[in-house]
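The chain contents come next:
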Amino acid sequence: MFSLAFMQNAYLAGTFIAIICGTIGVFVIARNLSFLTHTLSEIGFAGAAFGIFMGWTALTGMLIFTVVSSVIVGQMSVKQSRREASISAISALFIGLGILFLSLSNQTSSYATSILFGSVIGIAHADVIRVAVLSGIVLLVMLGLYRPLKFDSFDAIGAKVSGLWTTGISVVFLVLVAMSVSVAAQIVGSLLIFILLTLPAAAARYFVHTVSKMIGLSIAFALVGVWLGLYLSYVTNLPVSFFIASIECLFYLAALGFQRLRVGS
Amino acid sequence: MTEPLIAVQHLGISFPNNQVFKDLNFKIEQGDFLTVIGENGVGKTTLIRALLGLVKPSAGAINFYPNRKAIKIGYVPQFRNLDQEYPLTVEDFVGLNIRGWLPWLTKAEHRQVQTAMAVTNVKKIKQRQLGMASGGEKQRAYLAQAIVQQPQLLILDESTASLDNEMKYELLDLVQNLNQTSNITVFFVTHDLPLAKQYAKHYLALRPGQQSFGEMADMTVAQLKEVTNV
């Protein structure tokens with residue numbers, strides 16, 4: 001299997017994606033941003049269609065759309081109570097735009113599905129390099145921001161009163177999420193992206209209870225899902241997204257079961 | 001006379017359609033234990049926000065000695081919605097308030113966390129998931145987080161409100177101990193007058209449009225009730 005160049009590329013890109021999604025996901029869950037992540041993946045689809053329409057790469061279009069919209073959503077939904085509704089509104093608009101650009105650019109529907117659901121065969125060596133560079137940037141920024149981001153994510157009230165610039169942290173974090181979404185969409189597709197950004201981290205928090213261990217375990221769950229998913233997809237010729245989604249769901253269900261055993265509720 | 005840490009002079013705070021304070025005056029001395037008492041809605045939390053610099057005064061001034069930058073403030077807020085599933089251990093939670101740019105804690109910072117947990121009596125439960133801790137244990141963990149940076153001023157906003165009687169006194173004993181042994185100045189907001197009477201050195205009683213400030217030793221609980229009643 002590894003003698004095939006496209007499988008090597010898929011495994012390499014998948015590994016980078018699992019690492020950044022596993023890491024960022026811990027903060028996505030702590031900040032209750034799962035729904036936003038889901039929306040960003042739809043926005044990513046629209047961005048990819050826009051990129052194709054303009055004659056750029058899909059990744060460029062996705063980056064522009066997700067970064068801009070995540071900042072807008074962040075500004076619009078300062079109030080928790082308004083967050084879901086404003087995210088829904090933005091999401092509806094962008095799905096519409098995605099369909100529009102796809103139709104304007106005369107691409108076939110199979111192209112749309114490859115944006116939405118990902119395609120292992122579609123990953124070229126140049127894509128792997130792009131994914132690696134973007135992952136590196138995201139990880140470096142995370143590392144530099146680690147303590148304030150951790151404080152703001154796991155104790156927003158404490159962070160605010162201690163004088164941290166929480167609005168700034170929030171915006172930078174949303175941009176990081178947007179970049180991760182664009183990167184991860186290359187392999188799992190934009191529609192299923194929120195799986196890697198949410199489920200491994202959501203499962204990890206039931207097993208371990210420090211931020212660093214959560215990040216470690218979340219990366220491990222994401223890596224197992226991606227590696228095993230790619231392998232199963234290769235041997236069965238079924239979509240990789242299906243396998244990754246199923247594996248991550250299993251991890252999450254196992255975590256809930258573990259929690260039930262532990263606290264008996 | 002001890003040195004003042006903070007002097008509040010002619011402070012006025014107004015929001016559109018609501019004047020919270022007009023001409024508020026008091027000072028906090030170094031090593032003081034000041035309690036701020038008053039009914040709900042009288043502006044106790046607003047006063048804290050002003051001290052923290054989160055609300056701008058519309059008149060007067062809050063002066064810090066020697067200056068604001070030199071004074072580290074630890075704050076235990078009134079509401080923190082950490083539910084049962086809150087994942088972090090007590091130790092990790094306390095360490096959140098350690099500033100810096102390294103992703104990991106240095107040895108010295110690690111010792112700071114251990115010290116804060118020791119003086120607040122949570123060291124034994126440091127591996128416990130904070131969401132699973134009792135109300136009193138949570139408050140002690142919040143206190144530990146607030147003092148981990150070794151602040152000169154510790155602000156407690158109704159920290160005892162959700163605790164039963166025994167736990168209240170346990171928490172305030174810890175705070176008093178910090179006040180006496182580490183010389184941390186305490187600014188304690190409460191509407192529990194007997195508790196205020198037992199622990200505080202000075203009181204600031206707030207009523208709409210009025211204030212009284214003085215030595216706690218001169219007051220009985222009944223008199224405190226009188227000066228806070230609307």
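Residues numbered from 1 in each chain as written. Chains lettered and ligands numbered in written order. Predicted model: local features only at pLDDT ≥ 70, side-chain atom pairs only at ≥ 80, totals over all residues.

Trainee: Just give me the short version of the overall build of chain A, but keep the residues and values in it.
Mentor: Tallying secondary structure elements over chain A gives 12 helices and zero strands in all. If you list the helices and strands of chain A from N to C, you get α-α-α-α-α-α-α-α-α-α-α-α. The principal-axis extent of the C-alpha atoms belonging to chain A is close to 50 × 40 × 35 Å. Residues classed as buried in chain A amount to 52% of the 265 residues present. Considering only contacts within chain A whose residues lie at least 6 apart along the sequence, 73% involve residues at least 24 apart. (Helix = DSSP H or I, 4+ residues; strand = E, 2+ residues; numbered from the N terminus. Buried ≥ 20, exposed ≤ 12 C-beta atoms within 10 Å, placed from the backbone. Contact = placed C-beta atoms within 7 Å.)

Trainee: Explain the sheet that holds strand β2 (residues 18–29) of chain B to me, and be specific about the residues and the numbers.
Mentor: As a general point, the strands of a sheet are linked pairwise by backbone hydrogen bonds and lie either parallel or antiparallel. All names here are of chain B. Reading across from one edge, β2-β1-β4 is the order of the three strands in this open sheet, with antiparallel pairing throughout. Of all the strands in the sheet, the pair left with one neighbour each is β2 and β4 (59–64). For this sheet, the mean angle separating the axes of adjacent strands, direction not counted, is 15 degrees. Bridge count for strand β1 (residues 4–15) against β2 is eight bridges, and the pairing is antiparallel. (Pairing = 2+ DSSP bridges. Axes fitted to C-alpha atoms, helices over the stretch in contact; angles between N-to-C directions.)

Trainee: Give me the lowdown on the sheet that holds strand β8 (residues 202–207) of chain B, citing residues and values where you can.
Mentor: Residue and element names in this part refer to chain B. Judged by pairing direction, the sheet is mixed, and its six strands sit side by side in the order β5-β6-β7-β3-β8-β9 without closing on themselves. Two strands lie at the open edges of the sheet, namely β5 (73–76) and β9 (210–215), each paired on one side alone. Each strand axis lies, on average, 15 degrees off the axis of its neighbour in the sheet, ignoring direction. With four bridges connecting them, strand β3 (residues 33–38) and strand β7 (residues 185–189) associate as parallel partners.

Trainee: Let's hear about the interface of chain B and chain A: which residues, and what values?
Mentor: Contacts between the two partners involve 17 residues from chain B, matched on the other side by 17 residues from chain A. Classifying every residue of the side of chain B that touches chain A by side-chain character gives nine nonpolar, five polar and three charged. (Nonpolar A, V, L, I, M, F, W, Y, C, P; charged D, E, K, R; others polar.)

Trainee: Help me get a handle on the nonpolar core, residues and values and all.
Mentor: Residues and elements named next belong to chain A. Counting 152 residues, the largest nonpolar core has I17, V177, I193 and L196 as the members making the most contacts within it. Element by element, the count of residues in this core is highest for helix α1 (residues 5–30), at 13 residues. Not counting chain neighbours up to four residues away, the residues in contact with L196 comprise I17, A18, C21, A184, V188 and A222. (Core = buried A, V, L, I, M, F, W, Y, C linked by C-beta atoms within 7 Å.)

Trainee: So what's going on with the UniProt feature "transmembrane region" (unreviewed entry) in chain A? Residues and values would help.
Mentor: Residue and element names in this part refer to chain A. The feature "transmembrane region" (unreviewed entry), as annotated in UniProt, sits at residues 12–30, 50–73, 85–104, 116–145, 157–181, 187–208, 215–234 and 240–258 in this numbering. Segment residues 85–104 splits into 100% helix and 0% strand. End C-alpha atoms: 29 Å apart. Helix makes up 84% of residues 157–181 and strand 0%, with an end-to-end C-alpha separation of 27 Å. (UniProt positions renumbered as here; feature names shortened; annotations may be inferred.)

Trainee: Pulling in residues and values, what's your account of helix α1 (residues 44–51) of chain B?
Mentor: Because each turn of an α-helix spans 3.6 residues, side chains separated by three or four positions in sequence point in the same direction. Residue and element names in this part refer to chain B. Taken together, the buried positions of α1 are occupied by K44, L47, I48, A50 and L51. Each buried residue of α1 sits inside an arc of 160 degrees when the element is viewed along its axis, so together they form one side. Tucked into the core, α1 has its buried residues touching β1, β3, β4, β6 (153–157), β7 and β8. Immediately beyond the C-terminal end of α1, within one or two residues, lies G53, with a positive phi of roughly 85 degrees. (Arc of directions from axis to C-beta.)

Trainee: Account for the environment of Y142 of chain B, with residues named and values stated.
Mentor: Residues and elements named next belong to chain B. Among the secondary structure elements, Y142 is positioned in helix α4 (residues 135–147). Distance in space between the C-alpha atoms of Y142 and F93 is 8.3 Å, their sequence separation being 49 residues. Ignoring anything within four residues of it in the chain, the contact list for Y142 reads V76 and R80.

Trainee: Tell me about the UniProt feature "domain: ABC transporter" (unreviewed entry) in chain B, and please be specific about residues and values.
Mentor: Summarizing the sequence annotation, UniProt attributes the feature "domain: ABC transporter" (unreviewed entry) to residues 6–229 of chain B in the numbering used throughout. Each end of residues 6–229 of chain B is marked by a C-alpha atom, and these two atoms are 26 Å apart; helix forms 32% of the span and strand 27%.

Trainee: Explain unusual backbone geometry to me, and be specific about the residues and the numbers.
Mentor: Residues and elements named next belong to chain B. The amide bond that connects Y65 to the next residue, P66, takes the cis arrangement and shows omega of 0 degrees. With a phi angle near 65 degrees, N17 is a residue other than glycine that sits in the positive phi range. Note on placement: N17 falls in the loop between β1 and β2. What makes N17 exposed here is the crowd of 5 C-beta atoms within 10 Å. In this structure, Q150 takes a positive phi of about 50 degrees despite not being glycine. Structurally, the position occupied by Q150 is in the loop between α4 and β6.

Trainee: Please provide a residue-by-residue account of the pairing of β6 of chain B, values included.
Mentor: Residue and element names in this part refer to chain B. With five of five residues buried, β6 lies mostly within the body of the structure. Burial along β6 is two-sided: L153, I155 and D157 facing one way and L154 and L156 facing the other are all buried. Pairing analysis gives four bridges linking β5 to β6, with the strands arranged parallel. Within β6, the residue paired with I73 across the bridge is L153. In this view, the connection linking β6 to its parallel neighbour β7 by way of helix α5 (residues 165–181) has right-handed handedness. (Right-handed = clockwise from strand over helix to strand, strands pointing away.)

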